[in-house]
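# Chain and residue survey
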Amino acid sequence: QVQLVESGGGLVQPGGSLRLSCAASGIIFVTAAMSWYRQTPGNQRELVASITSGGVTNYADSVKGRFTISRDDSKSTIDMQMNSLEPEDTAVYYCKSVSYDSGGFHRKDSWGQGTQVTVSA
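I will try to describe carefully the structure that is included in this document. If you're wondering where the values come from, they're calculated on a predicted model, not measured in any experiment.

### What to know about the nonpolar core
With 27 residues, the main nonpolar core has Met34, Trp36, Met80, Met82 and Tyr93 as its most contacted residues. Contributions of two or more residues to this core are made by strand S3 (18-25), strand S4 (33-39), strand S5 (46-51), strand S7 (67-72), strand S8 (77-82), strand S9 (91-100) and strand S11 (115-119). Ranked by the residues each element gives to this core, the list is headed by S3, at 4 residues.

Right, here's the structure in full:
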């Protein structure tokens, strides 16, 4: 059973920082691609940042230079350091994994339960 557990959300003032973490279990983490998405009410979930099993990262234009995604394969975790936060970053942030079985044939996409980030004075 796949579990992705996010933590680190909260309320922060504009210009502040937060660090989100996602702990994964039930997947072969070292070969999984991991990402962070966010969603605001009435809108579709959007990709914020991703990291491949080889450590290649990708960011939405709106967060480039402010957010940094990283992974620790020894702990099966990913983090996202968020700096210079803006009110527009307010959203529920979700961790997503794209993992494969040991044979590498069966893909499974999984989501965490989400963590609220609110940027407000």
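### What to know about the state of the cysteines
In the structure shown here, the tally under the stated rule is 1 disulfide. Between the sulfur of Cys22 and that of Cys95 lies a disulfide, 2.1 Å long from S to S. Around the S-S axis, the bridge from Cys22 to Cys95 shows a dihedral of about -80 degrees and counts as left-handed. Residue Cys22 is found in strand S3, and its partner Cys95 is found in strand S9; the two are separated by 73 residues along the sequence.

The rules behind each value
Residues numbered from 1 in each chain as written. Predicted model: local features only at pLDDT ≥ 70, side-chain atom pairs only at ≥ 80, totals over all residues. Heavy atoms only, no water. Core = buried A, V, L, I, M, F, W, Y, C linked by side-chain atoms within 4.5 Å. Buried < 20%, exposed > 50% of the residue type's maximum accessible area, 1.4 Å probe, protein only. Helix = DSSP H or I, 4+ residues; strand = E, 2+ residues; numbered from the N terminus. Disulfide = S-S within 2.5 Å.

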